[in-house]
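Structural overview
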Amino acid sequence: MADKMSVVFLLFGVLLTAQVFNVTEAGYNHNVAFKPECERRGDQIPSKCVYNFTIDYRMTGVWYNERRNTGKPVFKTDAKPDQYFYGEQYNCSNISMSESDLDDVIMADGSYRRIYTINGQFPGETIVAYNGTQLIISVTNNLEEEGVSIHWHGIVQRNTPYMDGVARITQCAINPGETFVYRFVAYPPGTHWYHAHLGSMRTDGLYGALIVIDPEEERTRARKETDMTLMLSDWFSTDTSTMSSSVIWELERFAPFLQSSDSFTQSSCFYQTKQHDGTDIGVWPVQSILINGKGTVCDATRDVTVGGYRCNNRLEEFVVPRHKKIRIRIINGAAQYSLRVSIDSHSMTVEALDGNRIQDMEVVDYLIIHTGERYDIEVATDQYREHPIQPVNDGHFWIRVESLEEADQLKPIINPKTGWAILKYEGSPSRAKPFTTPKQCPQSNPCEVLNCPFRDYRPVGGNYYTCIPISQTKALGSIIDRYPVPMPTSDDDFQQIFLNFHFSGSNAVRSSINGHLFRFPRVPPQLYPDQDPLYECDEPCTGDCYCTYSEKLKLNNVIQIVIMNMGIGQPGTAHPVHIHGHHFHVLKIGYPQYDSDFRFLADTDDIRCKDPFCSSAEWSDATWDDYTVWNNTARRIRPPDVNANANTNTSDVGAGDVGAGGVGAGGVGAAEPWIPEINVIDPPLKDTVVVPVGGYVVVRFRADNPGWWFVHCHIEVHTVEGMAMVLQEGEQSEMPPVPSKIPKCANFEMNDKEFDEALQWKPNVANLGSSKASGAAATRFHSLPRLLIPTLCFLYSW
Ligand SMILES: [Cu+2]
């Protein structure tokens, strides 16, 4: 009998083991490749491309077996680096996993944390579609308690503003158990991404890449092995909503207690970290930086164990052919941190910003990417070097992704956090890790850094860097042909709006725009324009308003927004600002005043603030309002090269040199009659742009896409706190009609009369007898005029 039972158990065990290896999840695939049904057939581009997303919870560091509905932790928190639970007898249950099974585990940085996933993956699957193909993406919310919505960042949603995916603005949240099928045209081409847009779910795992391929461009280059994505994120010890509420209540100063066994002690206080110009970066310590969902809390070059964290996590590895030009699409999905990207021994040619091609610019050594932004870069894989003794460049190179932290309030030097990935040439010797070191930047040959959130670097550690502002890049000619910079022809078709992204309010710490702490509307205005959706603001608002801040754009007007970051409470934080529904031209970046070491001194004096929080502002020089000067006299004059006066210690236009009324002075040139150094000829197109502390960015677009568009800082905790607003583009009558069956949501309250009537209601026995199913409805419609019923049915179906 005992033997028979053993056989039964053995067979059962074999069956279980067989099932264990049938794990449905796959690791993140960084290659840019079409699903077969979304791929072209000859010259024929498919009209539709379908994806199905199911949103669920997962734990990092847990091996899931979907079929058995079981999950098992894969390492002990106190284990040595190589001690996973391979075939080990754990005291709860047996774990039968091989090393290759680790490929299916979301390890993140080697610490346990609950996240949201799309189809069990983190990041979510990369969507690849041709320009103009309809994307049909079914999103099922399989969560227990949270609503969700997905925004398609970079897609302009022409004619479909209700598909923009901003819960509470363009749609109702998708409730648990519900499915919402997004449907929109994949346009414009470029590297975009998708992410959750309700509360702070985005930075707890809900994002992925969305690549729109231009079929014309595709003919000229290969893909797959040479086209890949690099999704970046900062990673924290806890979920973002905990982090946000902690930031709002200033608990973040005690944040390290959440990372370690420390409790609330003086020694565990955390202080605001600072970037190179002395302005603020982080109020919550970043634990690690993930590349395609993979990272480590440790120094990957050294393999040193830190506390209870795992240091031998698998890092992302790109295996690439030699002597080719590969494309890497970099996306920053961070909650907060700006990141500096470099590849040891390689330079990078920047091809596109936020999906928009630029003229191949000077190759850069470093690029800084702020949350929400994207780059397409090209890298030549020609750095293999034989070396008989020390095989440094033997085909393995570090990709380094660093935070910009250089100090905190107490300590002058703080090491930035680094994220690591490996670039490996095909056919290189087998080795776990590269030996390469960061680039040296001697004074004779300083390294070039694109998109600093400040004007320039001074030498650091014997290295010399030169910042290239994003406004110095130039759009490709074909981009400008397709999207010329809109030029106003009269005062009636020109709207100039000053928006200050700033911390304001009586205690000067609340994230706001023009002093307005954003309050979400009563109901989504895109769905309920007639229901008084917005909480009106008391104007003028000088720093303490809590309301649905909105600005109305007249359809087809030329919109020029001066995005600022000014007012008391500085130094503050650089804000990456995202405008939905458009890609805008970046005409100019104005920097604050710095000392001779490029440390922040004071706000720019190009702009005059009308109150301490700068909730309302104007150009210091009133002639800068007069666009006609530029239109009529200097339209074809290209602005001077920014680098020509890169050593000024103020802004890229030399604000100190150009005083009020001093247009044409200070070396700017006599042919510069309007806003100095504004580029209306070939400025880059973007949808997210960083605004330096104490400075501003001038952007422009034509209001030709009617809808309700969200505008916000892409730093998650800033948006959650209130650094957001809506643009109403066009009158409601000018907006595309909303599909009649789109799910609705609204506030609800019964009045006394309705409730009394409800209590007095009795079932109609006669009707119940004749038709149980339709009895109640028949009772209610009984008193309606007979002709009205078909009319209502018609209207509903329409
Ligand atoms: Cu911000």
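See the structure printed just above.
Each residue is numbered by its place in its chain's sequence as written, counting from 1. Totals for whole chains, interfaces and linings use every residue, but because this is a predicted model, local features are given only for residues with pLDDT of at least 70 and side-chain atom pairs only at 80 or more, for both listing and counting. Just so you know, side-chain values use all the structure's heavy atoms and leave hydrogens and water out.

**Regarding the sheet that holds strand 7 (residues 150-153)**
Pairing between sheet strands relies on hydrogen bonds along the backbone, with the strands arranged either parallel or antiparallel. Here the rule is simple: two strands pair whenever DSSP picks up at least two bridges between them. Each helix is a run of DSSP H or I of at least 4 residues and each strand a run of E of at least 2, with the numbering of both proceeding from the N terminus. Across the sheet, which stays open at both edges, the 4 strands sit in the order 5-10-9-7 with mixed pairing between neighbours. Looking at the sheet topology across the chains shown, the edges are occupied by strand 5 (124-130) and strand 7. For this sheet, the mean angle separating the axes of adjacent strands, direction not counted, is 20°. By the bridge criterion, 6 bridges tie strand 9 (residues 190-196) to strand 10 (residues 207-213) in an arrangement that is antiparallel. For Gly190, the partnering residue across the bridge sits in strand 10 and is Val212. Fitted lines through C-alpha atoms serve as axes, helices being fitted only where they are in contact, and the angles separating the N-to-C directions of these axes extend from 0 to 180 degrees.

**Observations regarding the state of the cysteines**
A pair of sulfur atoms, both from cysteines and within 2.5 Å, is called a disulfide here. Per the stated rule, a full pass over the model turns up 7 disulfides. A disulfide bridge connects Cys38 with Cys49, and the sulfur atoms are separated by 2.1 Å. Taking the torsion about the sulfur-sulfur bond, which here is approximately 90°, the covalent link between Cys38 and Cys49 counts as right-handed. Linking Cys38 in the loop between helix 1 (2-20) and strand 1 (48-59) with Cys49 in strand 1, this pair joins segments that are 11 residues apart in sequence. A relative accessible area of 1% places Cys49 in the buried class. One disulfide in the model links Cys452 with Cys467; its S-S distance is 2.1 Å. Between Cys452 and Cys467, the S-S torsion sits near -90°, and that sign places the bridge as left-handed. Note that Cys452 is positioned in the loop between strand 24 (447-450) and strand 25 (465-468) and Cys467 in strand 25, a separation of 15 residues in sequence. For every residue, the accessible area obtained with a 1.4 Å probe (protein chains only) is divided by the maximum for its type, and the residue is called buried under 20%, exposed over 50%, and partly exposed between those limits.

**Topic: the side chain of Thr381**
Relative to the helices and strands, Thr381 resides in the loop between strand 20 (374-380) and strand 21 (396-403). In this structure the side chain of Thr381 is engaged in a polar contact, spanning 2.8 Å, whose partner is the backbone oxygen of Pro321. Any two residues whose heavy atoms approach within 4.5 Å are treated as being in contact. Ignoring sequence-local partners within four residues, the contact set of Thr381 consists of Val320, Pro321, Arg322, His323, Lys324, Ile326, His346 and Tyr425. Here a polar contact is recorded for every N or O atom pair within 3.5 Å, except that within protein the pair must consist of a potential hydrogen donor and a potential acceptor, and residues adjacent in sequence are included only if both atoms are side-chain atoms.

**A word on a negative patch on the surface**
On the surface, a cluster of negative charge is contributed by Asp491, Asp492, Asp625 and Asp626. By the element assignment, Asp626 lies in the loop between strand 37 (617-619) and helix 6 (627-633). Grouping into patches uses exposed residues only, defined as over 30% relative accessible area, and leaves out salt-bridged ones; the cut-off is 9 Å for like charges and 5 Å for nonpolar side chains (Val, Leu, Ile, Met, Phe, Trp, Tyr). Calculation of accessible area relied on Shrake-Rupley with a 1.4 Å probe; when residues are assessed, cover is drawn exclusively from the protein chains displayed. Any Lys or Arg side-chain nitrogen located within 4 Å of an Asp or Glu carboxyl oxygen qualifies as a salt bridge. By the counting scheme adopted, Arg and Lys are positive, Glu and Asp are negative, and His together with the chain ends is not counted. Note that the charge is assigned to NZ on lysines, CZ on arginines, CG on aspartates and CD on glutamates.

**Regarding the sheet that holds strand 8 (residues 179-185)**
Here 4 strands make up an open sheet; going across it, the order is 4-1-6-8 and the pairing mixed. Each edge of the open sheet carries a strand with a single partner, namely strand 4 (114-118) and strand 8. Across the sheet, the mean angle from the axis of one strand to that of its neighbour is 20°, orientation sign disregarded. Two elements, strand 1 and strand 4, share 5 bridges in a ladder whose sense is antiparallel. Looking across to strand 4, one finds that Tyr57 is bridged to Tyr116.

**Section: the pairing of strand 41 (residues 707-713)**
Taking burial as the measure, the 7 residues of strand 41 include 7 buried ones, the bulk of the element. The pairing of strand 32 (residues 575-579) with strand 41 spans 3 bridges and is antiparallel. When the sheet's bridge partners are listed, Ile579 is paired in strand 41 with Val711. Here strand 41 pairs with strand 42 (residues 724-729) via 6 bridges, running antiparallel. Bridged to Gly707 within strand 42 is Glu729.

**Quick word on the environment of Gln275**
Its location among the elements puts Gln275 in the loop between strand 12 (273-274) and strand 13 (288-291). Note: C-alpha distance between Gln275 and Ala407 (132 residues apart in sequence) is 6.9 Å. Not counting chain neighbours up to four residues away, the residues in contact with Gln275 comprise Ile281, Leu404, Pro453 and Phe454.

**Structural notes on the pairing of strand 39 (residues 688-691)**
Residue alternation in strand 39 divides its side chains into two sets, Thr688 and Val690 and Val689 and Val691, and both sets are buried. Across 4 bridges, the pairing between strand 32 and strand 39 is antiparallel. Paired with Pro576 across the strands is Val690, a residue of strand 39.

**Describing the nonpolar core**
Working definition of a nonpolar core: buried Ala, Val, Leu, Ile, Met, Phe, Trp, Tyr and Cys residues. They are joined through side-chain atoms within 4.5 Å. Core analysis: the largest hydrophobic core is formed by 86 residues, its most contacted members being Ile330, Val350, Tyr375 and Ile561. Inspection of this core shows a minimum of three residues originating in each of domain 2 (287-468) and domain 3 (486-734). Among residues more than four places away in sequence, those in contact with Ile561 are Ile497, Leu499, Ile579, Val697, Val698, Val699, Phe701 and Leu727. Membership of the second largest hydrophobic core comes to 54 residues, among which are Cys38, Phe122, Cys172 and Val212. Domain limits in this description derive from either an automatic procedure or a database domain assignment.

**Structural notes on the environment of Glu716**
Along the chain, Glu716 turns up in helix 7 (residues 716-721). Note: C-alpha distance between Glu716 and Thr203 (513 residues apart in sequence) is 7.6 Å.

**A word on the packing of aromatic side chains**
Side-chain rings of Phe, Tyr and Trp (the six-membered ring for Trp) are treated as a pair once their centres are within 6.5 Å; stacked means planes under 30 degrees apart, edge-to-face means over 60, and tilted covers the remaining angles. Considering all chains together, one arrives at 24 aromatic pairs under this definition. Judged by centre distance (5.0 Å) and plane angle (50°), the ring pair of Phe397 and Tyr425 falls under tilted. Linking Phe397 in strand 21 with Tyr425 in strand 23 (residues 418-425), this pair joins segments that are 28 residues apart in sequence. Given a relative accessible area of 0%, Phe397 falls into the buried group. Taken together, the ring pairs in this structure connect Tyr51, Phe53, Trp152, Phe180, Tyr182, Phe184 and Tyr194 into an aromatic cluster. A positively charged side chain is recorded as over a ring if its NZ (Lys) or CZ (Arg) lies within 6 Å of the ring centre. The angle to the ring normal must also be within 35 degrees. Above the plane of the ring of Tyr384 lies Arg322, whose end atom (NZ or CZ) is 4.1 Å from the centre. For Lys744, the ring lying beneath its charged end belongs to Tyr528, and the centroid distance is 5.7 Å.

**Quick look at a nonpolar patch on the surface**
A surface patch of nonpolar side chains, about 470 Å² in accessible area, is lined by Phe748, Met750, Phe755 and Leu759. Positionally, Met750 belongs in the loop between strand 42 and helix 8 (752-760).

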